[in-house]
Amino acid sequence: MFSYKEEFKKSFVTRMERKGMEKTAELAYETLWEMTQEWIQKRWNRTNQLYRDNNEKKLYYFSIEFLIGRVLGQNLINLNFYDTVKEGLDELGLQLSEIEELETEPGLGNGGLGRLAACFVDSLASLGLPGHGYGLRYKGGLFTQHFVNGYQTEQPTQWIQQEHNVDIRREELAVDISYYGEIQVVMGLDGLKVNVENPEWVKAIPYDMPVVGANGGTVNTLRLWQAEVSDRPFPGREDYAVYEHETAKITDRLYPDDSLEAGKILRLKQQYFLCSASLQTILNNRSFSIEALPENAAIQINDTHPALAIPELMRLLIDDHALSWDQAWDITTRTISYTNHTILEEAMGKWDSRLIQSLLPRIYLIIEEIDRRFKKSLQQQELDEEALHKLSIIENGTIKMAVLAVVGSYKVNGVAKLHTEILKKREMKELNEQFPNKFHNKTNGITHRRWLLKANHELSGLITEAIGPRWIKEPERLSELHYFAQNHSFLQDFQAIKSLKKEHLIHHLQRNQNVVVDPDSIFDIHIKRFHGYKRQLMNILHIQMLYDRIKRDPTYRPYPRTFFFGGKAAPSYHFAKQVIKMINTVASKVNSDPLARKHLHVVFVENYNVTQAEYLIPAADVSEQISTASKEASGTGNMKLMMNGALTIGTFDGANVEIFEEVGQENAFVFGMRAEQVMQYEKEKSYNPKEIIDSDSEIAQLMEELIKGEWTDGKNNVDFIVGQLMEDSDPYFVLKDFRSYSKAHEQILKAYAHPEKWAEMCVKNIAASGIFSSDRTIQQYSNDVWHLTKIPSIY
Ligand code: GLG
């Protein structure tokens, strides 16, 4: 009888033998890699053929980051081969999980924004929709984080391996990108034409990565551009060494910050490189007339980083395709749509006009013209100064990319209900009034294929046992788990799996960081980038308070808790780095105190990334989502943790609001100020943290200890932290929300004392999490924005 497993084993062994070396894990990895690539290639060719034959509208998702994580295991899962391969390898005495560990994760993103792009391309392929990702092939992904004396250090990470690369170089599809040069207006056949003389040329080479959808049905493409020297002659090329060096820099490394728009020329080069290369390929390889672009292609720009796609598309349509301004504008504004991910001022994307003018002279002229025409269209209205300020693309020598992105696209979305409301009513109120139908909400989602099927195979199995396998295709069906929320034996199985996943995490940490964690403690997990608004500081201050209480009050002996932290700080973000150091200092003080250690353990997981997240998330009991209300646009870690049966302690911020709505506040621990209150305080500048300190003796004691240096190790200091809390008036309202945060933690302890009830709450969270699958998000984008048609596949 035919058996896939036997076939796999036979082919695997033959290939291993052909390599003629010892049976090492490395060799097994290489062999499995090759085989997987072959399986994928067949399906990839088939999808591309279908796309050529059907000529359906396509989506192109432009993003400066794609944080895809390891691909081998995920591809096997999406191909439906994981179990077969795992069992086959088992029988050959090899462990798939060990083999998977050999893959270096390509860290081509910083955090939520990049990971969202990765979830989206997974969902597009899994829904059988023609949608491809366009990004940059950074040689160095996000830095590797190590702690030295508790301080974060950053080492470059190289993810590209010569032997078995995840992507395929497509030399034949290379395009040239131009920078600098002088503008000249010449007389062409159809009137005046703008030329750029003597530009500097750079070649963009695409590397294609397959994006395997569920059941291997559709394999879409993630195309990443690499900068190389151009073959074109131009004056600057003569100093070849310099030119070569400058060129390589464009895709040499990822900017290690997603919440600060570094106004640097290299960053601008990267952004334009992505936009120009991607648009050129789309236009060069089309099978329709240029006028029909909006009916054949949708371009989604992920935040403002690719907003230069708007003027660049205008440039290509006018200069290369000889369209009039009005025709070009009509096409552009029916093709491009924009997602906003933040209201943080420093991340809004602002450029010095002179920088754009010198690096991209033609693009600058086009932006100027867009701004001029838009301002002209506003002249009939009576707008006050504030409105005109909010509506200008160019102002006082600055170009505001967010305004450009709104004006130049047909749809603009926020990433959670609350965030979209804030955009419409406050941050972009004036723009929303000008374009009333443009703004809409698309609450983020996460792919359950990675965050449940891959990261928590065991829980996935249990769910399937209970409600059958249909939830895998239709994740909303997780709601059927509601019937099991009070089923004793189901709850016991759930608890057993939670313990198992804790064991896996413990083993992983023991191996990597040499720490030993108590498996019976509450796993309280705070994982995300370090930022003031994410308030890791509030968490660690609370731990300090617990420590004080244990030391002070002989009757206070709480159930053991392990507080996990994971996350990186941008290398230039001094405050965040000081918080990291403080957590490490607190960790060593608390962990080495024999009394406190029985109740508290602080573990800082080094180098948090997608792979680490796959260990941490399934093991969590408690999910810390404690941002200052109004600041976190959505959050997506909150969804991953909920889907794995962790209970959220969180503020009414971002998608937390919708999580609470879905699961009910009684199945979460909600605390803190609401967004309106925060914004009111900000507007009135009426919050004074000293009032809190004066009225709460425990907080006062904490502050005193901080100032006295009791939470430093002699070498570091916490001046920045104290400065922010006191002199800078605590901009993220840490002290203001502190007491209600601490009460929410007390509620957690009370609830955890009833294990079965706790498990019931966890299961209710899983049951309510289906709506947070990115399949739902992508389907909504497709229905409301992109209008894609599913292509039936043969697999
Ligand atoms: C942003 C936001 C997050 C959001 C993510 C994806 O800060 O709240 O979940 O994008 O939309 N820069 C980010 O990570």
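Throughout what follows, the structure given in this document is the object of discussion. Sequence order as written defines the numbering, with residues in each chain counted from 1. Only residues with pLDDT of 70 or above have their local features reported here, since the model is predicted, and side-chain atom pairs are shown and tallied only from 80 upward, although totals for entire chains, interfaces and linings are computed over all residues. Remark: hydrogens and water are excluded; side-chain values derive from all non-hydrogen atoms of the structure.

## A few points about the pairing of strand E6 (residues 175-179)
Here is step 1: A simple rule labels every residue: compare its accessible area, found with a 1.4 Å probe on the protein chains alone, to the largest value its type can have, and call it buried under 20%, exposed over 50%, or partly exposed in between. Starting at the N terminus, helices and strands are each numbered in turn, a helix being any DSSP run of H or I of at least four residues and a strand any DSSP run of E of at least two. Along E6, four of the five residues are buried, which leaves the element largely enclosed by surrounding structure.
Here is step 2: The sheet contact formed by E6 and strand E9 (residues 200-212) spans five bridges and is antiparallel. Looking at the pairing, Asp 176 lines up with Lys 203 of E9. Should DSSP find at least two bridges between two strands, the strands are taken to pair.

## What to know about the pattern of salt bridges
Here is step 1: For this analysis, a salt bridge means a side-chain nitrogen from Lys or Arg found within 4 Å of a carboxyl oxygen belonging to Asp or Glu. This structure, assessed with the given rule, holds 58 salt bridges.
Here is step 2: For Asp 208, the salt bridge is made with Arg 170, and the minimal N-O distance between the two is 2.9 Å. On the criterion of sequence distance, the pair formed by Asp 208 in strand E9 and Arg 170 in the loop between strand E5 (168-169) and E6 is long-range, its members being 38 residues apart.
Here is step 3: Shared partners join several salt bridges into a network, and the residues in it are Arg 549, Arg 552, Asp 696, Glu 698, Arg 739 and Glu 746.

## Some points on the site of the ligand
Here is step 1: When we say a residue is near a molecule or strand, we mean one of its heavy atoms is within 4 Å of it. Residues in close proximity to the ligand include Gly 112, Leu 113, Leu 116, Asp 258, His 341, Val 415, Asn 444, Tyr 533, Glu 632, Ala 633, Ser 634 and Gly 635, which together make up its full environment.
Here is step 2: Any pair of N or O atoms that falls within 3.5 Å is considered a polar contact. Within protein, one atom must be able to donate a hydrogen and the other to accept it, and sequence-neighbouring residues count only if both atoms are side-chain atoms. The side chain of Glu 632 places a nitrogen or oxygen atom 2.6 Å from an oxygen atom of the ligand.
Here is step 3: Exposure was quantified through the Shrake-Rupley algorithm and a 1.4 Å probe, taking into account, for residues, occlusion by the shown protein chains and nothing else. Protein chains shield 92% of the accessible area of the ligand, which is 340 Å² for the free molecule.
Here is step 4: Residues belonging to the shell around the ligand are distributed by class as follows: five nonpolar, five polar and two charged.
Here is step 5: Residue ranges for the domains trace back to a domain assignment, done automatically or taken from a database. When residues of the shell around the ligand are sorted by domain, at least three fall in each of domain 1 (55-70 + 105-410) and domain 2 (448-468 + 498-672 + 737-775). Each residue is assigned to one of three groups, with Ala, Val, Leu, Ile, Met, Phe, Trp, Tyr, Cys and Pro labelled nonpolar, Asp, Glu, Lys and Arg labelled charged, and all others, Gly among them, labelled polar.

## A few points about the sheet that holds strand E22 (residues 647-650)
Here is step 1: An order of E20-E19-E18-E21-E22-E23 is seen for the six strands of this open sheet, with the pairing classed as parallel. Single-partner strands in this sheet number two, and they are strand E20 (600-605) and strand E23 (669-670).
Here is step 2: Judged from the four bridges that link them, strand E21 (residues 622-625) and E22 form a sheet pairing that is parallel. Bridging from a neighbouring strand, Gln 625 pairs with Gly 650 of E22.

## Points about a nonpolar patch on the surface
Here is step 1: Side chains of Ile 183, Val 185, Met 187, Leu 192 and Leu 365 sit close together on the surface and give an oily, nonpolar patch of about 500 Å² of accessible area.
Here is step 2: Looking at which element gives the most residues to the nonpolar patch, the answer is strand E7 (residues 182-188), with three residues.
Here is step 3: Mapped onto the elements of the fold, Ile 183 is located in strand E7. Patch criteria: residues need more than 30% relative accessible area and no salt bridge. Like-charged residues are merged within 9 Å; nonpolar side chains of Val, Leu, Ile, Met, Phe, Trp and Tyr are merged within 5 Å.

## Side note on the environment of Ser 409
Here is step 1: Within the secondary structure layout, Ser 409 lies in the loop between helix H15 (401-407) and strand E16 (412-414).
Here is step 2: Accessibility expressed as a relative area gives 1% for Ser 409, which makes it buried.
Here is step 3: Considered as a pair, Ser 409 and Leu 79 are 330 residues apart in the sequence and their alpha carbons are 36 Å apart.
Here is step 4: Aside from chain neighbours lying at most four places away, what touches Ser 409 is Thr 333, Ile 336, Ser 337, Tyr 338 and Lys 438.
Here is step 5: Here the side chain of Ser 409 touches Ala 405 through a polar contact of 2.5 Å, landing on its backbone oxygen. Contacts between residues were defined by any pair of non-hydrogen atoms, one from each residue, lying within 4.5 Å.

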